[in-house]
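What the coordinates show
The residues making up each chain are set out below.
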Amino acid sequence: SKEDFMKVTGVSRKWLDSISPYFKFPEWVNNTNNKTEVSNFTMVKTKTFDEKIDLNNATEIQLQKILGIGPVLSKRVIEYRDRLEGGFADEIELIDVYGLDEELIERIKQEFTVKTPRLISKLNVNEATLDELVTVPYIDYELAYHIIEYRTLHESISAIEELTKIDDFPENKIKLIGLYLQF
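As for the overall build of the chain
- A tally of regular secondary structure across the chain gives nine helices and six strands.
- Counting only carbon and sulfur atoms, one obtains 52% of the accessible surface of the chain, whose full area is about 12,100 Å².

As structure tokens, then:
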């Protein structure tokens, strides 16, 4: 918008008023009531849950319709899903598919969602034993020991964010670990 241009460039209002008739902004700049997002300079309508394709039933061909997803990446997504025995529990698990960066994952999430999640029995982090904690992805024996030690010192853990206070906790995997724990 004109105001954004002025903020970014620092030009005076008078000069901006003199050159603004030559500006042509896309319609989405002036129309804030529509439900669209801008992605790669194209208009993309935000899909509802019902309009999205179930990620657990998606085919390689359907995945390849996403910009940046070719035969190799679509095959990796399907193979990873098949290894999970029951498919994805949540879209967050896409971060474990080799080659998918955040931007690609966001594009996938615009078209796909998990409608038929696999069931995960959650462990109560305040009652789980060392051997039970190591069954959670990304928790090894050392981290499980530190979780139990932290839990003992603080009498309980009330939220997943508390786990980030533990040394060497894989903060980038917190949402994945959160799928398996209850507090």
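Some remarks on the side chain of R107
- In this fold, R107 is placed in helix 6 (residues 102–111).
- For R107, a relative accessible area of 14% translates into the label buried.
- There is a polar contact of 2.3 Å between the side chain of R107 and the side chain of E103.

Quick word on helix 6
- The complete set of buried residues in helix 6 reads L104, I105, R107 and I108. Take helix 6 and look down its axis: the buried residues cluster within an arc of 160 degrees, on one side only.
- Elements in contact with the buried residues of helix 6: helix 5 (71–83) and strand 4 (112–113).

What to know about the pattern of salt bridges
- The full count for this structure, using the stated rule, is six salt bridges.
- As a salt-bridge pair, D96 and K173 come within 3.0 Å of each other at their nearest N and O atoms. Taken together, the positions of D96 in the loop between helix 5 and helix 6 and K173 in the loop between helix 8 (141–154) and helix 9 (174–178) put the pair 77 residues apart, joining distant regions of the chain.
- Overall, the relative accessible area of 16% leaves K173 in the buried class.
- Where R107 meets E103, a salt bridge forms, and the shortest distance between an N and an O atom there is 2.3 Å.

What to know about the packing of aromatic side chains
- For the structure on display, the rule yields one aromatic pair.
- K115 extends its terminal NZ or CZ atom over the ring of F49, reaching a point 5.5 Å from the ring centre.

Quick notes on helix 5
- Taking 1.5 Å as the rise per residue, helix 5 with 13 residues should run 18 Å; its terminal C-alpha atoms sit 18 Å apart, in good agreement.
- Buried residues of helix 5: L73, S74, V77, I78, Y80 and R81, and no others. For helix 5, the buried positions fall inside an angular range of 160 degrees around the axis, keeping them on one side. Opposite the buried face of helix 5, by more than 90 degrees, sit the exposed residues P71, V72, D82 and R83.

What counts and how
- Residues numbered from 1 in each chain as written.
- Predicted model: local features only at pLDDT ≥ 70, side-chain atom pairs only at ≥ 80, totals over all residues.
- Heavy atoms only, no water.
- Helix = DSSP H or I, 4+ residues; strand = E, 2+ residues; numbered from the N terminus.
- Areas by Shrake-Rupley, 256 points an atom, 1.4 Å probe, with all protein chains shown as cover.
- Buried < 20%, exposed > 50% of the residue type's maximum accessible area, 1.4 Å probe, protein only.
- Polar contact = N/O pair within 3.5 Å; in protein donor to acceptor, adjacent residues only side chain to side chain.
- Arc of directions from axis to C-beta.
- Contact = heavy atoms within 4.5 Å.
- Salt bridge = Lys/Arg side-chain N within 4 Å of Asp/Glu carboxyl O.
- Phe/Tyr/Trp six-rings, centres within 6.5 Å; stacked < 30°, edge-to-face > 60°.
- Lys NZ or Arg CZ within 6 Å of the ring centre and 35° of its normal.
- Expected span 1.5 Å × (residues − 1).

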